[in-house]
Amino acid sequence: MSGENEESAEHDETDPLTVHGLPAVDVRGTTVVHTDVARYPGLLEALHAEGFAFCADLCAVDHLTNADRTLPDGIEPQRFEVVVNVRDLAGHRHLRVRCQVPGVDTRVPTSFHLWPGTEAMEREAYDLFGIVFTGHPDLTRILLPDDWEGHPLRKDVTPGRVPIQFRDAPSTR
Amino acid sequence: MATTSSQPAEFRDDPAKAEGAAVAGTFDAAQEMHGRSETDPLELLRETGAGLRLPEGVALDPGDLVTEVGEDETMIINMGPQHPSTHGVLRLMLELDGETVLRTKSVVGYLHTGMERTAEDLMYIQGSTNVTRMDYLAPFFNETVYSMAVEQLLGVELPPRAVWIRMLLMELNRVSSHLLFMATNGMDLGAVSMMIYGFRERELVLSFFEKVTGLRMNHNFIRPGGTAADLPSGWQADVLALCKAIPPRLDEYDILLTGQPIFTERTQGVGAITPEQAIALSASGPLLRSTGVDWDLRRDSPYLAYDQVEFDVVVGTYGDAFDRYAIRLEEIRQSLHIVEQIVDLLPKGDYRVQDKKVTPPPRSRIDESMEALIHHFKLFTEGFKVPEGETYVAVESPRGELGCYLVADGGSKPYRLHIRGPSFVNLQSLPVMLRGGLIADAVAVISSIDPVMGEVDR
């Protein structure tokens, strides 16, 4: 897989906990794997092949004002994060993937082909954050109206600044 | 609609990049279902649920899609958002060939009020008022999952009494939620008297909730650090009366529904789904267990004190609407069994953590102590700060895995709060379950998922 490059190999010496060549930390008993967009699809494929057959959750976070958060060495903080929680039902394992997504190019490969259940979750992340999942079968808005402008859960969107949009409807009076 | 203004901002000034994204079909387009000729092949596969029917290891090839009927022989109709059997404002677009459903697409979002964004503007101490409104049939689960996430980041240890009070309320809430399912499921399938019986029994549970929390729904009773108050005196008698009153009524349901030929005819074999499909579609709760997958977070990823009570995880065999009904009926009995154990095991002690950073001083102290007054004022104006970190907590709600992903940046408000609603995810199984069935069965299938739109749309 694509994660086996020099950077992560070098990382192995300082931190023993790695998952498929990527830096990982143990957060209260849950393994959290950090990745960037380039190594994200390879990591998910490897996890899926390893037995993580159930994708519990996929969501996005906008870290615009939280750039100094704690991340393991070798992971560059970016504006967005796509967070995927996967489960291995047979082995009772739970694992979390945090993928750094730059704000200038929010394209992330879809995981629909691995877990079809991420379809609606990816649409939600697109709708609210503008993360563009390439290869997704039907990347349209899901919670907001079709003609909504912008992505309201981004930190540079102030609540209340956008007037509430209603479709043109004739007045009853 | 779907103009350049709604493109992601970073593409607006870069035509080449924008073009690349447009080729991938990523720009805003209508959420509705379209005719076959206007639909992307991959999307078509999804709407027919076909991608999941392929055997293991076979790649998706949109070219293989068999369009078995001509487009002029089929009809696309809307079901909802105001259809009585969609349990709120769920809109389904169905492609029909006569009465047979070929393609399904659910359109949601009619109840979206931006609750995840609202949560970012509320302090941790206020947050439970917000989350309790998501799944309005199981509010205690929302409050608990949120409180557990906050407590994990705070690193506070709950007093045992608070843990057990939470379990008591959640199990009773599971009973009331499943009773409402019994009522609506019965009514959707023509057993209208079931509607009255289900609501009658649910009322018993709700009046206990009212006695404990003061409210029948949206309780805001379970808060970070414990619960808002202790259980009222004499609660054991009330709970035991519930445990005695409900099982005979469940036996009546058995007579009314389980053995009733019309009901079994309309549910057995309807909306069937295989274990592989359910797992791939991230389905959880009774929907996953109906296929025979033995998975319950209460047992398989224990939280609170569920490892200290005895209960059976109920699983089905066929993955059809009848199995989902039968599982919920038996889960009511199992929940009451847990409740009976809780009455015996509930320990004495504090009902909330005695950490002054999290818990306000008792009302009586405020009149006596200046410090208590200042402390109370500070806690409710500034809130408490939660150290930087992120966590994902999940509980088994009546509908499935209810998750809460919480990111804290060290301030007094959540940096990001995401709720993984089980109904939102479970709805994705509809195209698979409805395909090839009759439109009349669609009502039975939607009802068997038991979606709550407040949680779907958040």
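These figures come from a predicted structure and were not determined experimentally.

Student: Describe the overall build of chain A, and please don't skip the residues or the numbers.
Tutor: Helix and strand counts for chain A come out as three helices and eight strands. Mapped from its N terminus to its C terminus, chain A presents α and β elements in the order α-β-β-β-α-β-β-β-β-α-β. Across the 173 residues that make up chain A, the buried fraction comes to 46%. In chain A, the proportion of contacts linking residues at least 24 apart, taken out of those at least 6 apart, comes to 55%.

Student: Hey, could you go over the overall build of chain B for me, with residue numbers and the actual values?
Tutor: Counting secondary structure elements, chain B contains 20 helices and eight strands. When contacts within chain B are restricted to residue pairs at least 6 apart in sequence, those whose partners lie at least 24 apart make up 69%.

Student: For the confidence of the model for chain B, give the residues involved together with the corresponding values.
Tutor: Of all residues in chain B, 89% attain a pLDDT of 70 or more, and the chain-wide mean is 83. Across the assembled chains, the prediction reports ipTM 0.83 with pTM 0.84.

Student: Mind laying out the environment of Thr132(B), listing which residues take part and the relevant values?
Tutor: Residues and elements named next belong to chain B. Residue placement: threonine 132 occurs in the loop between α5 (127–131) and α6 (139–154). Residue classification places threonine 132 among the buried residues on the basis of 24 C-beta atoms within 10 Å. For the pair formed by threonine 132 and phenylalanine 221, sequence separation is 89 residues and the distance between their alpha carbons is 9.3 Å. When near neighbours in sequence (up to four residues on either side) are disregarded, threonine 132 contacts Pro139, Asn142, Glu143, Asn218, His219 and Asn220.

Student: Provide a residue-level description of the nonpolar core, including the pertinent values.
Tutor: A general feature of soluble globular proteins is that nonpolar side chains tend to end up buried together. In this structure, Val82(A), Ala125(A), Ile131(A), Val145(B), Ala149(B) and Leu406(B) are the most contacted members of the largest nonpolar core, which totals 149 residues. Element by element, the count of residues in this core is highest for helix α7 (residues 160–188) of chain B, at 15 residues. Two domains each put at least three residues into this core: domain 1 (4–107) and domain 2 (115–457) of chain B. Excluding residues within four positions of it along the chain, Ala149(B) makes contact with Thr391(B), Val393(B), Cys404(B) and Leu406(B).

Student: Could you give me a rundown of the packing of α6(B) against α7(B), with the residues and numbers involved?
Tutor: Residue and element names in this part refer to chain B. Close contact between α6 and α7 brings their axes to 8 Å; oriented N to C, the two are set at 145°. Here the hand of the crossing between α6 and α7 comes out left-handed. Contact residues: α6 offers Phe140, Phe141 and Thr144, while α7 offers Arg166, Leu169, Met170 and Asn173. Looking at side-chain class alone, the contact of α6 with α7 contains four nonpolar, two polar and one charged residues.

Student: I'd like a description of helix α16 (residues 370–381) of chain B, backed by residues and values.
Tutor: All names here are of chain B. Across its twelve residues, α16 extends 16 Å between first and last C-alpha, which sits within 8% of the 16 Å expected from 1.5 Å per residue. The buried fraction of α16 is low, at zero of twelve residues. One or two steps after α16, the chain reaches glycine 383, where phi turns positive at roughly 75°.

Student: Break down the interface of chain B and chain A for me, with residues and values.
Tutor: If you look at the interface, chain B gives 53 residues, while chain A gives 47 residues. When contributions to the side of chain B that touches chain A are tallied by element, the ones reaching two or more residues are α3 (41–48), α4 (115–120), α11 (275–280), β6 (389–397), β7 (400–408), β8 (416–420) and α17 (422–426) of chain B. In terms of residues, the side of chain B that touches chain A owes the most to one element, β7(B), which gives four residues. Grouping the amino acids of the side of chain B that touches chain A by side-chain chemistry returns 22 nonpolar, 16 polar and 15 charged.

Student: So, the sheet that holds strand β4 (residues 54–62) of chain A: which residues are in play, and what are the values?
Tutor: Residues and elements named next belong to chain A. Pairing within the open sheet is mixed, and its six strands lie in the order β1-β2-β3-β6-β5-β4. Two strands in the sheet have a free side with no partner beyond their single neighbour: β1 (18–19) and β4. Sheet contacts for helix α3 (residues 119–129): β4 and β5 (80–88); angle to β4, the most-contacted strand, approximately 5°.

Student: Help me get a handle on the sheet that holds β6(B), residues and values and all.
Tutor: Residues and elements named next belong to chain B. Strand order across the open sheet formed by three strands is β6-β7-β8, with antiparallel pairing between neighbours. Every other strand in the sheet has two partners, leaving β6 and β8 as the edge strands with one partner each. Taken over all neighbouring pairs, the strand axes of this sheet differ in orientation by 10° on average, direction set aside. Sheet analysis places β6 next to β7, joined by nine bridges and oriented antiparallel. Bridge pairing in β7 places threonine 391 opposite leucine 406. With respect to the sheet, α6 is in contact with β6 and β7, its orientation differing from that of β6 by roughly 150°.

Student: Could you give an account of the domain arrangement of chain B, naming the residues involved and the relevant values?
Tutor: All names here are of chain B. Along its sequence, chain B is carved into domain 1 (4–107) and domain 2 (115–457). Listed as interface residues are 21 residues of domain 1 and, on the opposing side, 20 residues of domain 2. Where the side of domain 1 that touches domain 2 is concerned, the elements lending two or more residues are α3, β2 (91–97) and β3 (100–107). Top contributing element to the side of domain 1 that touches domain 2 by residue count: β3, with six residues. Grouping the amino acids of the side of domain 1 that touches domain 2 by side-chain chemistry returns eight nonpolar, nine polar and four charged.

Student: Just give me the short version of the environment of Gly109(B), but keep the residues and values in it.
Tutor: With respect to the helices and strands, Gly109(B) occurs in the loop between β3 and α4. A C-alpha to C-alpha distance of 7.7 Å links Gly109(B) and Val456(B), two positions 347 residues apart in sequence. Beyond its immediate sequence surroundings of up to four residues, Gly109(B) is in contact with Ile142(A), Leu143(A), Leu144(A) and Asp457(B).

Student: With reference to specific residues and values, describe the pairing of β7(B).
Tutor: Each regular strand displays side chains that alternate between the two surfaces of the sheet. Within β7(B), nine of the nine residues are buried, which leaves the element mostly enclosed by the surrounding structure. Hairpin connection from β6(B) to β7(B): two residues lie between these consecutive antiparallel strands.

Student: Account for unusual backbone geometry, naming residues and giving values.
Tutor: For residues other than glycine, phi is negative in most cases, and the peptide bonds are mostly trans. For His20(A), which is not glycine, the phi dihedral falls at a positive 50°. Given 21 C-beta atoms within a 10 Å radius, His20(A) is considered buried. In the Ramachandran plot, Asn220(B) falls in the positive-phi region, its phi being about 50° despite a non-glycine side chain. Mapping Asn220(B) onto the fold places it in the loop between α8 (192–213) and β4 (222–223). What makes Asn220(B) partly exposed here is the crowd of 19 C-beta atoms within 10 Å.

Student: Please set out the confidence of the model for chain A residue by residue, giving values where relevant.
Tutor: Here chain A averages 81 in pLDDT, and 82% of its residues register 70 or above. Across residues 1–14 of chain A the pLDDT falls below 50, and counting only partners more than four positions away or on other chains, this stretch makes 27 contacts in the model.

Student: Talk me through the packing of α7(B) against helix α14 (residues 321–345) of chain B; I want residue IDs and the actual numbers.
Tutor: Residue and element names in this part refer to chain B. Packing of α7 against α14 brings their axes to within 9 Å, and their N-to-C directions diverge by 155°. Of the possible angle classes, the one that applies to α7 and α14 is roughly antiparallel. α7 and α14 meet at a crossing whose hand is left-handed. Side by side, α7 and α14 meet where Trp164, Met167, Leu168, Glu171, Leu172, Arg174, Val175, His178, Leu179, Phe181 and Asn185 of the first sit next to Tyr325, Arg328, Glu331, Ile332, Ser335, Leu336, Ile338, Val339, Ile342 and Leu345 of the second. For the contact of α7 with α14, the per-class residue count stands at 14 nonpolar, three polar and four charged.

Reading the values: rules and limits
- Residues numbered from 1 in each chain as written.
- Chains lettered and ligands numbered in written order.
- Predicted model: local features only at pLDDT ≥ 70, side-chain atom pairs only at ≥ 80, totals over all residues.
- Helix = DSSP H or I, 4+ residues; strand = E, 2+ residues; numbered from the N terminus.
- Buried ≥ 20, exposed ≤ 12 C-beta atoms within 10 Å, placed from the backbone.
- Contact = placed C-beta atoms within 7 Å.
- pLDDT = per-residue confidence, 0-100.
- Core = buried A, V, L, I, M, F, W, Y, C linked by C-beta atoms within 7 Å.
- Domains from an automatic or database assignment.
- Axes fitted to C-alpha atoms, helices over the stretch in contact; angles between N-to-C directions.
- Left-handed = near helix turned anticlockwise from the far one by under 90°.
- Nonpolar A, V, L, I, M, F, W, Y, C, P; charged D, E, K, R; others polar.
- Expected span 1.5 Å × (residues − 1).
- Pairing = 2+ DSSP bridges.
- Parallel < 35°, antiparallel > 145°, perpendicular 65-115°, else oblique.

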